[in-house]
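Structural features, examined
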Amino acid sequence: MTRSSGAPRSTSAGPTPLARLSGPPRNRWPDGAIHHGSRIGLLLLLALSVTLLFPPDPGREVARFQAGMVADEDVIASLTFGVPKNPDDLERERAAAAASVPPTFRLEPEAALSMRASLENFFQLALDAQERADPDRALSQGLSDLGIAASVAQRNLLLTDDSRAMLRSTAIRAVEELLPLGVLDESGRQESLGPGRLLVVDPEGEERYVSRDSVMTSVDFYQRVARLLPPQASSEGDELLRLTLIRFMNPTLRFDAEATERDRDAARRAVPTNRATVLQGEAVVRANQQVGETEVERLQAYEEALRAAGRLEDRGLQAVPFLGSILLNVLILGAFGFLLFFFRSEVYHNFRWVLLQALIIFTFAVAAGVVAANQVPPEALPIAFAALAVAVLWDGRLALILVGVLTVLVGVQLPFQAVHAWAPVFIAGAAAALSVRAVRRRAQTWIFIAIIAGAYLASIGALGIVTGREARTVGMALAWAGGNAVVSAILAMGFLPVFEWFTRITTDQTLLEWADPNRPLLKRLSMEAPGTYAHTINVANLSEAAANAIGANGLLCRVGVYYHDVGKMLKPQYFIENQPAGRNPHDKLKPATSAALVREHVTEGIRLAREAKLPDVLTDFIPEHHGTQEIAYFLDRARKEAGEAAEVKVADYRYPGPKPQSRETAIVMLADSVESATRSLKDPTPTRVRSLIENIVDGKIRAGQLDEAPLTLREVGILKRQFEKVLAGLYHHRIDYPTTKHLTQAQAPGADGEGDGEVGDAGPATADPAQGEGGTGDSDPGGVEEDPSGPEGNGVPAEAGRLP
């Protein structure tokens, strides 16, 4: 995570309200009062919002306990009341009661008479067809009208007197003997009958239960009719009789859906709604015993019974309990506020940051209110959303403390006082806070999800074992927790760009996006100022390694260096690293003009950065890596040309600043000078490199350029050693190959005069490093004189940079 400066930057239109509320107050009154008062007001507003979401209930005399708590007193019933069943359990019992009611069938004897008449008409049709000129055609037409598909052999049976008489007598006998016994009407019923009993109601209204096996279905009826045929009957006759009976079937047992539903509804209503009855004087809950789900249901039932009896009046919202609840919430949230005030002052003084943290707390409280109102398991509380957002924007320690505060905040509210409500929330939130290191890949979101889900699984499982919760309840909690982990992590990462925009905090993900070499500014720099771009890459490598060595943000250093010299691409020819050998436009310019051109690359770089919407934290590298150093070479030239009588305005030969304000910009200032000066060494032995680094770093310190940077002397020592280690690898001695030896022979001193590439940077004035390779940044004749701005190209040969 990378932060921009503590106070939001003001625009030409004047500071915004958020800007006026940010930054340490300049005086106690009125700035101090407004500064601290705004934060106190935000705290009170947040506490009031939480209280409104979870108002106290002073009229509640029972059901104070939640599952998992230990009762601190006996609760004795003052009246007899019933404990209602769980709605799901009650519905299952009612469904079972309804299923136990047998279906009702009405016996209709006239159905047999109707079916016999239909059969008589059918066989008369066959007899009439026999008397026609073309009997088979007449019979085929009649059967087709009835929907009976009879084969030629079957039609011949109907046209033959003996076979027709046999079929008719069998059908009539079945109707007279079997149908009155009862054949079930299987139409109009959705459920299968299955084994059991049936309720049969005869025409006189008498009811009797019969076994399901004692009545026939239509299939049973057809099978029994087939057994009535004489043995000599053919299979064609059997099939024709079955088709005829199916066509004219009229069951005698009709399903009575209305009566069946009426009986089943009565059975449902007969199921008792109460699970148990608690008598007057019986203990509802005993003191010093753990309260389980059963006890909670008894307490809730007792409360409803008292309310129904008029013994429990709802007095509405009372002022004293309401103010007490606000005070409790203020104390809890105030602990986090005091932490920011005493130990995280950079967060406390930035109102944007405080406001976003308040919004995160408010969002969490609103989500908790929704969870409580809809009786959703507490595992749905989005603690991971708050933890991940704060951990990525600031750090895991602040996020962990916020998780503890949020856990206590919801834990004191009545819906979440049980241990199984707040314990998993804290454990999962802590896991989310501690899982964040550096977020540089989108795939890391799923790592967060896995860690958070694992914490939920372990905590919910352990609590389930300790408290003896039902497996179904534990499974439901795990399902909610898993979904919450996924949604919270995705939302936190999805809202991260919005949070960055609001707080002006630049995360590693954003830095990686700006490190893309295809960004327009970097693309232009590489094409229009290739020498500067090559220098930038080397300084980036050196800065990142040094920053990582002292625990600073190495990625920020690298990306900041990429943009620290973008202003040079507007006039690259005035900087030595972009000039062809022997051509220096500064030779024809006045010192003041040359100094103005060199200073211009800072102001123009800032302008280009603003136009490209470069984050402030990266833009800071452009002015701060130069600080307020003098452009010593041109200042010396100006003094020489003006003579002793005239006075030179030093401000015209000084970078605008400010001095480095962060460890990262200070590191880049040192790395920039060290890398450029090292490139000018003819023989970069470890001893020479070490002496060069010491001279440059000590010179910056003596010049006061590091006074405002939060670097310690110990860290400066580590930086020197890291510079030496990296540069030893970059500028080690190389072998002279025979075929190219003539190209690598040492030239005469000053022949390559590019130096380190910045105004006044000292080149290799002598072979002795003690006499001044690199430069110290001051004008001490005992050392090497160098432009305090550090090694950047100004187009002046390094040999000329040495002061007399």
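Below you will find a few notes about this structure. (Residues numbered from 1 in each chain as written. Predicted model: local features only at pLDDT ≥ 70, side-chain atom pairs only at ≥ 80, totals over all residues. Heavy atoms only, no water.)

Turning to the overall build of the protein chain, a few remarks are in order. Helix and strand content of the protein chain: 31 helices and 10 strands. For the protein chain, buried positions account for 49% of its 804 residues. Long-range contacts, defined as pairs at least 24 residues apart, comprise 78% of the intrachain contacts of the protein chain with a sequence gap of at least 6. Accessible surface, the protein chain as shown: approximately 38700 Å² in total, 56% of it carbon and sulfur. (Helix = DSSP H or I, 4+ residues; strand = E, 2+ residues; numbered from the N terminus. Buried < 20%, exposed > 50% of the residue type's maximum accessible area, 1.4 Å probe, protein only. Contact = heavy atoms within 4.5 Å. Areas by Shrake-Rupley, 256 points an atom, 1.4 Å probe, with all protein chains shown as cover.)

This next bit is on the pattern of salt bridges. Under the counting rule described, the total for this entry stands at 36 salt bridges. D185 is paired through a salt bridge with R254; the nearest N and O atoms lie 3.4 Å apart. With D185 in the loop between α7 (161-177) and β5 (197-201) and R254 in strand β7 (residues 253-255), the pair connects residues that are 69 residues apart, well separated along the chain. Exposure remark for R254: the relative accessible area of 26% places this residue in the partly exposed category. Overlapping salt bridges bring together D89, R92, R275 and E297 as one network. (Salt bridge = Lys/Arg side-chain N within 4 Å of Asp/Glu carboxyl O.)

Counted by the stated rule, this structure contains 16 aromatic pairs. On the numbers, 6.3 Å between centres and 90 degrees between planes, the contact of F385 with F495 is edge-to-face. Here F495 lies in helix α19 (residues 471-503) and F385 lies in helix α15 (residues 383-393), a separation of 110 residues in the sequence. Arranged with centres 6.4 Å apart and planes meeting at 50 degrees, the rings of W501 and F502 form a pair that is tilted. On the accessibility criterion, W501 (65% relative accessible area) is exposed. By relative accessible area, F502 is classed as buried at 16%. One aromatic cluster is present, built from ring pairs that chain together F338, F341, F342 and Y348. The positively charged end of R39 is found above the aromatic ring belonging to Y348, 5.3 Å away from the centroid. The lysine or arginine in question, R519, covers the ring of W514, its NZ or CZ lying 4.0 Å from the ring centre. (Phe/Tyr/Trp six-rings, centres within 6.5 Å; stacked < 30°, edge-to-face > 60°. Lys NZ or Arg CZ within 6 Å of the ring centre and 35° of its normal.)

The mixed open sheet is built from four strands, whose spatial order is β6-β5-β4-β7. The open sheet has two edge strands, β6 (207-211) and β7, and neither has a second partner. On average, each strand axis in the sheet is inclined to that of its neighbour by 35 degrees, with strand direction left out of account. Relative to β7, strand β4 (residues 104-107) runs antiparallel, the two sharing three bridges. Across the sheet, residue L107 finds its bridge partner in β7, namely L253. Lying on the sheet, helix α10 (residues 257-270) is in contact with β4, β5 and β7; it crosses β4 at an angle near 145 degrees. (Pairing = 2+ DSSP bridges. Axes fitted to C-alpha atoms, helices over the stretch in contact; angles between N-to-C directions.)

Among the surface-exposed residues, V487, L491, F495, V498 and W501 lie close enough to one another that they form a single nonpolar patch of about 510 Å² accessible area. Mapped onto the elements, V498 comes out in helix α19. (Patch = residues over 30% accessible without salt bridge, like charges linked within 9 Å, V, L, I, M, F, W, Y side chains within 5 Å.)

The next point concerns the environment of V689. Among the secondary structure elements, V689 is positioned in helix α29 (residues 686-702). Given the relative accessible area of 4%, V689 is considered buried. Distance in space between the C-alpha atoms of V689 and A728 is 7.6 Å, their sequence separation being 39 residues. In this structure, V689 is in contact with T678, L681, P684 and L727, ignoring residues within four places of it in sequence.

The next point concerns helix α22 (residues 530-549). Between its first and last C-alpha atoms α22 spans 29 Å; for 20 residues at 1.5 Å apiece the expected length is 28 Å, and the two agree. If you follow the buried residues of α22, they end up packed against α21 (520-528), α23 (554-563), α28 (663-679) and α30 (713-730). G551 occupies a position one or two residues after α22 and carries a positive phi of about 80 degrees. (Expected span 1.5 Å × (residues − 1).)

What follows concerns the pairing of strand β3 (residues 81-84). Along a regular strand, successive side chains alternate from one face of the sheet to the other. Covered by surrounding structure in β3 are F81 and V83 only, the residues G82 and P84 on the alternate face being uncovered. In the sheet, β3 pairs with strand β8 (residues 274-278) via four bridges, with the strands oriented antiparallel. Directly across from G82, in β8, lies its bridge partner T277.

Burial runs high along β5: four of the five residues are buried. Sheet analysis places β4 next to β5, joined by three bridges and oriented parallel. Its bridge partner lying in β5, T104 is registered against L199. By the bridge criterion, five bridges tie β5 to β6 in an arrangement that is antiparallel. Counterpart to V200 in the pairing with β6 is R208. Linking β5 to β6, which pair antiparallel, is a turn of five residues; within it G205 sits at a positive phi near 90 degrees.

Turning our eyes to something else, we now look at the nonpolar core. L381, L388, W394, L406, F416 and I452 are the most contacted members of the largest nonpolar core, which totals 74 residues. Contacts of L406, omitting those with residues within four sequence positions, involve I361, F364, I383 and A386. Among the nonpolar cores identified, the runner-up in size contains 64 residues, and L542, Y653, L692 and F723 belong to it. (Core = buried A, V, L, I, M, F, W, Y, C linked by side-chain atoms within 4.5 Å.)

This part takes up unusual backbone geometry. Cis geometry marks the peptide bond from W29 to P30, where omega comes out at 0 degrees. Of note, P30 is situated in helix α2 (residues 28-53). The peptide bond linking G657 to P658 adopts the cis configuration, its omega dihedral lying at 10 degrees. Relative to the helices and strands, P658 is located in the loop between α27 (632-642) and α28. Its identity is not glycine, yet Q375 carries a phi of approximately 55 degrees, on the positive side. Mapped onto the elements, Q375 comes out in the loop between α14 (351-373) and α15. Overall, the relative accessible area of 73% leaves Q375 in the exposed class.

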